[in-house]
Amino acid sequence: MDVQIEASWKAHLREEFEKPYFTLLTDAVRQEYRQGTCYPPGSLIFNAFNLCPFDQVKVVIIGQDPYHEPGQAHGLSFSVQDGVLFPPSLQNIFKEIQDDLGTPIPVSGNLTRWARQGVLLLNATLTVRAHQANSHARLGWQTFTDAAIKALAAQRSHLVYMLWGGYARGKAYMINKEENLVLESVHPSPLSANRGGWFGNHHFSQCNAYLEQNGVEPIQW
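Residues numbered from 1 in each chain as written. Predicted model: local features only at pLDDT ≥ 70, side-chain atom pairs only at ≥ 80, totals over all residues. Heavy atoms only, no water.

Asker: I'm lost on the packing of helix 1 (residues 7-17) against helix 6 (residues 141-155) in this one. Help?
Answerer: In contact at an axis separation of 10 Å, helix 1 and helix 6 are set at 130° when each is read in the N-to-C sense. If you check the angle between helix 1 and helix 6, you find them oblique. Between helix 1 and helix 6 the crossing geometry is right-handed. Facing Trp-9, His-12, Leu-13, Glu-16 and Phe-17 of helix 1, the residues of helix 6 in contact are Thr-143, Phe-144, Ala-147, Ala-148, Leu-152 and Gln-155. Residue composition of the contact of helix 1 with helix 6, grouped by class: seven nonpolar, three polar and one charged. (Axes fitted to C-alpha atoms, helices over the stretch in contact; angles between N-to-C directions. Helix = DSSP H or I, 4+ residues; strand = E, 2+ residues; numbered from the N terminus. Parallel < 35°, antiparallel > 145°, perpendicular 65-115°, else oblique. Left-handed = near helix turned anticlockwise from the far one by under 90°. Contact = heavy atoms within 4.5 Å. Nonpolar A, V, L, I, M, F, W, Y, C, P; charged D, E, K, R; others polar.)

Asker: Looking at this structure, how should I read the environment of Asp-27?
Answerer: For Asp-27, the position within the fold is in helix 2 (residues 20-35). We classify Asp-27 as partly exposed; its relative accessible area is 41%. For the pair Asp-27 and Leu-139, spaced 112 residues apart in sequence, the C-alpha separation works out to 9.7 Å. (Buried < 20%, exposed > 50% of the residue type's maximum accessible area, 1.4 Å probe, protein only.)

Asker: In this structure, what is going on with unusual backbone geometry? I would like to understand it.
Answerer: Negative phi is the rule for most residues except glycine; trans is the rule for most peptide bonds. The amide bond that connects Tyr-39 to the next residue, Pro-40, takes the cis arrangement and shows omega of -5°. With respect to the helices and strands, the residue Pro-40 is situated in the loop between strand 1 (38-39) and helix 3 (47-51). At His-202, a residue that is not glycine, the phi angle is positive and equals roughly 55°. Judged by its relative accessible area of 38%, His-202 falls in the partly exposed class.

Asker: Looking at this structure, I do not really get the packing of aromatic side chains. What am I missing?
Answerer: Think of a pair of aromatic rings as described by two things: how far the centres are apart, and how the planes are tilted against each other in angle. A full pass over the atoms with the stated rule returns 19 aromatic pairs. Between the aromatic rings of Phe-46 and Phe-144, the centroid separation amounts to 5.9 Å while the plane-to-plane angle is 70°, which identifies the pairing as edge-to-face. With Phe-46 in the loop between strand 1 and helix 3 and Phe-144 in helix 6, this pair connects stretches of sequence that are 98 residues apart. Exposure remark for Phe-144: the relative accessible area of 0% places this residue in the buried category. Ring centres 4.7 Å apart and planes at 90° place the aromatic pair Trp-114 and Trp-221 in the edge-to-face group. Residue Trp-114 is located in helix 5 (residues 112-115), and its partner Trp-221 is located in the segment after helix 9 (203-213); the two are separated by 107 residues in the primary sequence. Trp-221 shares its class with Trp-114; the two are buried. The structure contains a cluster of three or more aromatic residues connected by ring pairs, namely Trp-9, Phe-17, Tyr-21, Phe-22, Phe-46, Phe-49, Phe-54, Trp-141 and Phe-144. (Phe/Tyr/Trp six-rings, centres within 6.5 Å; stacked < 30°, edge-to-face > 60°.)

Structural data, given as structure tokens:
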């Protein structure tokens, strides 16, 4: 199957595109987009991969599924398009960055600037039906995105994996903790963050320290 995705990722995931589950997945996604409003726009489904080639990945941040309200999702986990109000989880991410690094809270929640620096902002499920969280969770996306994580784990080292919340932390088994830095905490959503464990986790400073220790340019969060 000829999937429109960045060339280096296409090379590493080529086998996935030929598997029966992926054919069923793409058929189901096309049907969903034909029948009603889904997010992100079709051209941005693989945006996380297209903005952050395989060999340029420094950091992996795993989300669950895209935002499901108009104008928000554009294919990057936790990110919203320019001019869109920050969702609560993103607000808390920016607050922790400010407390951790002293970086002012930005005016835009568009995290394309992170992706271009090597932050893979990967949702486990890449599409969603409007107004219905997790509505595409059973279509097969997780098999594909797990394959992407496994490809990185097998062929790249000295990466930083930020696993926030029980769902993302469930991916830790795929990652070699001796060859990478795995940072785990509660999810930044208010329901979890306000109970403790998010604020003060210092993930962003720990990430940059690890990158610098391994001769890698830190992220400008």
